[in-house]
Amino acid sequence: MTVYLNGEFLPKDQARISPDDRAFLFADGAYEVLRAYRGHLFRACEHWDRFDCSLKALRIASPANTDFAAIASELLKRNNLADAEAIVYLQVSRGAAPRKHAFPADATPTVYAYVAPFANPVEKWAAGVKVITLPDQRWARCDIKSISLLPNVLANQQAQEAGAHEAVLVRDGFALEGSLSNFAVVLDGVLHTAPRSNYILPGITRLVALGLCSALGIPVKEFPVAETDLKCAAEAMLFGTTNEVMPVVQINDLKLGDGQPGPLTRQLQQAFRNYVEECQRRG
Ligand code: PDD
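Residues numbered from 1 in each chain as written. Predicted model: local features only at pLDDT ≥ 70, side-chain atom pairs only at ≥ 80, totals over all residues. Heavy atoms only, no water.

A. Representation of the pattern of salt bridges. Within the structure shown, the criterion is met by 18 salt bridges. Measuring nitrogen to oxygen at the nearest pair gives 2.5 Å for the salt bridge that ties E85 to R35. With E85 in strand 5 (residues 85-93) and R35 in strand 3 (residues 29-37), this residue pair connects regions lying 50 residues apart in the sequence. With its nearest N and O atoms 3.3 Å apart, the salt bridge here joins R282 to E278. Taken together, the positions of R282 and E278, both in helix 7 (residues 263-282) and 4 residues apart, correspond to about one turn of that helix. Exposure remark for E278: the relative accessible area of 36% places this residue in the partly exposed category. Here the salt bridges share partners, and the residues they tie into one network are R35, E85, E244, R273 and E277. (Salt bridge = Lys/Arg side-chain N within 4 Å of Asp/Glu carboxyl O. Helix = DSSP H or I, 4+ residues; strand = E, 2+ residues; numbered from the N terminus. Buried < 20%, exposed > 50% of the residue type's maximum accessible area, 1.4 Å probe, protein only.)

This is how it looks when you write it as structure tokens:
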């Protein structure tokens, strides 16, 4: 496996990062995850814009002369994934410096990227998944795609241990998003999803899905759903780079509808797949 580190493409087992790197000591960095559909980087511009926003919010200087799109394409080529389903991971940390909380005066950001083959979760797409609700224990800047993900990791682990696919995080009584995905429910024929705020990540899949809803005439309310209203949901779904549109058929012990993915979810899922295929064809 060839990875990218600080301007170089090299075998992963030769990549060396200092133990003083602030990613290691403080989780002081930001990241992005994109899908590459047969070499096509899905909605890359939106991912680069969000990466830029995350780095700006963390006051990490965007590394000079670093073309993320070119790095991603080169990694796909070098790893024989240019014609396959893959994910692309990119991370920038504030760099290596002796451990002090405040910013170091002269650290150079560490830039790391890798690609990996990705198998579409086709069985889960067909059958739908279970989610559990958990208290949202994250900070108040969930809009930043920071590598500081411990609350997400703990929530996701708890979901796996409960036999669930994802944990839906609840803050102040509202189900906001998943540990690695956005969340939506259908109530009275209207798709409800939390509005953009500092309490959710502005997901690119969510953005595309809302655009598709508008094209399909599916009514949308960008309004957070109270946890107590989840029992009234006819359908629910997750949006995310790895999930695409993932039907949710069970929330905690509650089965939604007849326990099968609902019609609106199916419609949106198919529209998303069609859109991906169209993007692939266009190259
Ligand atoms: N997670 N919300 C959170 C907390 C996320 O971590 C993610 C993505 C999303 C969906 O965003 P997008 O549609 O842009 O992937 C929402 C990635 C996939 C991850 O951490 O691996």
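Having put the structure on the table, let's press on.
B. A look at the side chain of R22. Tracing the backbone shows R22 in helix 1 (residues 22-26). Here the side chain of R22 touches D28 through a polar contact of 2.8 Å, side chain to side chain. Apart from the residues lying within four places of it in its own chain, the contact partners of R22 are A27, D28, R94, G95, A96, K100, H101, A102, F103 and P104. (Polar contact = N/O pair within 3.5 Å; in protein donor to acceptor, adjacent residues only side chain to side chain. Contact = heavy atoms within 4.5 Å.)

C. Up close: the sheet that holds strand 1 (residues 2-5). One open sheet accounts for 6 strands, arranged 2-1-6-5-3-4; its pairing is antiparallel. The strands lining the two open edges of the sheet, one partner per strand, are strand 2 (8-11) and strand 4 (40-41). The sheet contact formed by strand 1 and strand 6 (residues 110-117) spans 2 bridges and is antiparallel. Looking across to strand 6, one finds that Y4 is bridged to A113. (Pairing = 2+ DSSP bridges.)

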